[in-house]
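Below, each chain spelled out in residue letters.
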Protein chains: 2
Amino acid sequence: MASTSETRCNPALRRGAGIAAAVLLALLAGQAGADTPPRKGRTMAEVLAASKPSDWRRLDPDNSVYLDFAAGRVIIELAPQYAPQHVANIRTLLRQHYFDGLAILRVHDNYVVQWGDPESGDKDKAKPFGEARRSLPGEFSQAIAKQPFVALPDGDVYAPQVGWSGGFPAARDEKAGRTWLAHCYGMVGAGRDNAADSGNGSELYVVLGHSPRHLDRNVTLVGRVVQGMELLSALPRGGGALGFYDKPEQRIPLKTVRLGSELPPDERSKLELLRTDTDTFTALVETRRNRTDDWYLQPAGKVEVCNVPLPVRLP
Amino acid sequence: MASTSETRCNPALRRGAGIAAAVLLALLAGQAGADTPPRKGRTMAEVLAASKPSDWRRLDPDNSVYLDFAAGRVIIELAPQYAPQHVANIRTLLRQHYFDGLAILRVHDNYVVQWGDPESGDKDKAKPFGEARRSLPGEFSQAIAKQPFVALPDGDVYAPQVGWSGGFPAARDEKAGRTWLAHCYGMVGAGRDNAADSGNGSELYVVLGHSPRHLDRNVTLVGRVVQGMELLSALPRGGGALGFYDKPEQRIPLKTVRLGSELPPDERSKLELLRTDTDTFTALVETRRNRTDDWYLQPAGKVEVCNVPLPVRLP
């Protein structure tokens, strides 16, 4: 069943009606009665219910990160096509169990949650990178030619074009011949200092709150949270500058952080992700541009790229 | 001191550099040394540090809601200019202490937190509205002529024009002669059922996550959280459909919810909010469009209306 984060069928409803309407939608998805007037378009639930197996793809074990901490498990899909060097380095760090015992250091409301080595600033105490590279060139954008792209018709404030590439929200500048990932909710990036090559994937952040699109092309995005985002977004916000936890005891320890391919096959998630290069996905985008749920009185007719859910499901 | 939610000077920094850079910015705000090369523009911190008292306004006790619950206090500024009937009805409910003992019923990740009467669907158990009206016409937009407006140069995906009105993010359609508030992070709205007039301000929701702009003009926005947003955004997400807490024991009780003018004057917050109709605010928007912090390698040159912070401070 598709996760609740994308079943935003009836927002801001009064509670009794909310439940009833959700049930109603489920019924309508199954059976259109003879008395039901034809509606202009489908709902997202209907599009998903009608999807074919080929509309979905499995998580690649080599491109999935399983982050376990007290609250539960977060699963991240990596985007090697947009950040090949960072993803390779993160895989190296993961195989060395580098992140085990590190911590969530920062939860900045309406911005990011960030984890890494609390001692990263201390030469003697910092956890060694081992085989991993200490620094990487910023991978802020890629050449257009290499990347598949499905455009959103509605444009964007920040970029000439937006849409999706391989399951990730992305932007493009055809004149410049460049494409980059977009900082939508749940996207994962690699922290860096002022120098463009000062990050290496050992400090990662996840976007929570309104999409900070001003970060696009300034920092390397490496992937997206596909499960467990609600565990990160519900963390207490840090009271220090920039949302850092100012007392060491506030930091939230990471238990184990593993690459999917390091887990025994029967322990890997069977999560499926909706492909973004199919007619079904195009239909889904259309349901977000034009809401047909009875609750809507004035469907927007457009949608922002970060306002289109990227559904996942467990078979 | 301006709250951390708007001091997003150095995002996604590696931890050690983050603290150092924040200190550096504070120093630069105070003193530009002879050796410092002139920078192209100011930072938001500098703009705020140079603001005049007249750039700020006090919270109006008649337009402020003080919501107290176990985690602390949330303060909401009401927007009567955009929702006169809803705000009047909410004041009536507040004076009757209607919300006391009700609960947070729903926390839907990347969408809304919502509170109201758990028994609202039950005629016998629902809390009486007393003097308040049972239903109100939807106040989804207002005539343009009545509302001051400061436009953002960068446009918007959803509306012909966006900007700010009286301290709130807003949108306009000059051809249609209408203006409405925008569903940015922290905005507060009145839940309703399918009928346009089925809400009355007794169930309220707050936007968390990416701005759900598709809700604009479909539901009445009544104000904005100006303090304590981090207490709402850190709540555990509901496991039921649409993020509702499916077990009654999960609901989070509201202690007292008061209109500011019902509190003794010395208990009212001294919070000040940055006005949105001044040169200082225009300068602040400019700092968000073009980031001059050294960390930025490619300032966006544009900004989304929901990506401009609306600073508050305690004198």
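Basis of the calculations
Residues numbered from 1 in each chain as written. Chains lettered and ligands numbered in written order. Predicted model: local features only at pLDDT ≥ 70, side-chain atom pairs only at ≥ 80, totals over all residues. Heavy atoms only, no water. Helix = DSSP H or I, 4+ residues; strand = E, 2+ residues; numbered from the N terminus. Buried < 20%, exposed > 50% of the residue type's maximum accessible area, 1.4 Å probe, protein only. Polar contact = N/O pair within 3.5 Å; in protein donor to acceptor, adjacent residues only side chain to side chain. pLDDT = per-residue confidence, 0-100. Contact = heavy atoms within 4.5 Å. Least-squares fit on C-alpha atoms with pLDDT ≥ 70 in both. Pairing = 2+ DSSP bridges.

The name given to chain A in an unreviewed UniProt entry is peptidylprolyl isomerase, with the source organism recorded as Tahibacter harae.

What follows deals with the environment of Asp100(A). All names here are of chain A. Structurally, Asp 100 is set in the loop between helix H3 (84–95) and strand S4 (103–108). When its relative accessible area of 18% is taken as the criterion, Asp 100 is described as buried. As for Asp 100 and Asp 68, which are separated by 32 residues in sequence, their C-alpha atoms are 9.1 Å apart. Here the side chain of Asp 100 touches Val 257 through a polar contact of 3.0 Å, landing on its backbone nitrogen.

Another aspect to go through is the confidence of the model for chain A. Residue and element names in this part refer to chain A. The predicted model of chain A has a mean per-residue pLDDT of 90, with 87% of residues at 70 or higher. Within the model, pLDDT remains below 50 along residues 1–11, and this stretch shows 45 contacts once partners closer than five positions in the same chain are excluded. Note that residues 16–36 has pLDDT below 50 and, in this model, 15 contacts with residues that lie over four places away or in other chains. Scoring of the predicted complex yields 0.90 for pTM and 0.89 for ipTM.

On to the relation of the copies chain A and chain B, then. It takes a turn of 180° to lay chain A on chain B, together with a shift of 0.0 Å along the axis; the resulting RMSD is 0.0 Å. Here the two chains are linked by the operation of a two-fold rotation axis.

Moving on to the pairing of strand S12 (residues 204–207) of chain B. Residues and elements named next belong to chain B. Of the two faces of S12, the one lined by Leu 204 and Val 206 and the one lined by Tyr 205 and Val 207 are each fully buried. In terms of strand pairing, strand S5 (residues 112–116) meets S12 through 4 bridges, oriented antiparallel. Bridging from a neighbouring strand, Val 113 pairs with Val 206 of S12. As paired strands, strand S11 (residues 187–190) and S12 are joined by 3 bridges and run antiparallel to one another. Counted as the bridge partner of Gly 189 is Tyr 205 from S12.

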